[in-house]
Amino acid sequence: MSSKTYNRGANRRRGEILAELGGQKHILVLTLGALAELEDTLNCTSLQQLTERFSEGHLSAADIIKVLGAGLRGGGLIIENEEVAELSHEGGVAALARLAGELLVATFSPQQPHTPSQRGQS
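Just so it is clear, the structure is predicted and the values come from calculations on it, not from any experiment.

Caption draft 1: Region of interest: the confidence of the model for the chain. Across the chain, the average pLDDT comes to 84, with 83% of residues at or above 70. Per-element confidence in the chain is highest for helix 4 (residues 81-84), whose mean pLDDT is 96, and lowest for helix 2 (residues 47-55), whose mean pLDDT is 88. Between residues 114-122, whose pLDDT stays under 50, and residues either more than four places distant or in other chains, the model counts one contact.

Caption draft 2: Here's a closer look at the nonpolar core. In this structure, Leu21, Leu28, Leu30, Leu68 and Leu72 are the most contacted members of the largest nonpolar core, which totals 27 residues. By residue number, the principal contributor to this core is helix 5 (residues 92-108), which donates six residues. Once residues lying within four places of it in the same chain are set aside, the contact partners of Leu30 are Leu35, Leu38, Val67, Ala70, Gly71, Leu103, Leu104 and Thr107.

Caption draft 3: The arrangement of unusual backbone geometry in detail. For Asn43, which is not glycine, the phi dihedral falls at a positive 55 degrees. Tracing the sequence through the fold places Asn43 in the loop between helix 1 (32-41) and helix 2.

Caption draft 4: Region of the structure containing the side chain of Asp63. With respect to the helices and strands, Asp63 occurs in helix 3 (residues 61-74). At a separation of 2.8 Å, a polar atom in the side chain of Asp63 contacts the side chain of Arg53. Those residues in contact with Asp63, other than ones at most four positions away along the chain, are Leu42, Arg53 and His58.

Caption draft 5: Seen up close, the pairing of strand 2 (residues 24-28). For strand 1 (residues 17-21) and strand 2, the ladder comprises five bridges, and the chain directions are antiparallel. Bridged to Leu21 within strand 2 is Gln24. Between strand 1 and strand 2, which pair antiparallel in sequence order, lie two residues; one of them, Gly22, sits at a positive phi of approximately 60 degrees.

Analysis parameters
- Residues numbered from 1 in each chain as written.
- Predicted model: local features only at pLDDT ≥ 70, side-chain atom pairs only at ≥ 80, totals over all residues.
- Heavy atoms only, no water.
- pLDDT = per-residue confidence, 0-100.
- Helix = DSSP H or I, 4+ residues; strand = E, 2+ residues; numbered from the N terminus.
- Contact = heavy atoms within 4.5 Å.
- Core = buried A, V, L, I, M, F, W, Y, C linked by side-chain atoms within 4.5 Å.
- Buried < 20%, exposed > 50% of the residue type's maximum accessible area, 1.4 Å probe, protein only.
- Polar contact = N/O pair within 3.5 Å; in protein donor to acceptor, adjacent residues only side chain to side chain.
- Pairing = 2+ DSSP bridges.

Structure (structure tokens):
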């Protein structure tokens, strides 16, 4: 595994999240290439099918590894899914599942920038 770490924050508009895995901070992002990888490894034929699969909220441990691995590679880290499976995270498996969910939300429901007419409205 390449030891690429980040001291900057994540750019949520790009679908990035920042996570500490294995004692190091990493940017995770599901780029188009990462999404194509997930489609292939999860036997989905379209982004819509991939989105529907994740919308059901039933992620297996294997799904979590694949999502986090694709996100780490999308963020520029050279890592194999076997290595992802060995990464530690404070909070254990439940925290890793939340992290995968956060990455999926950041990808498929990015924060919308405020338009001038939205400023001042709450």
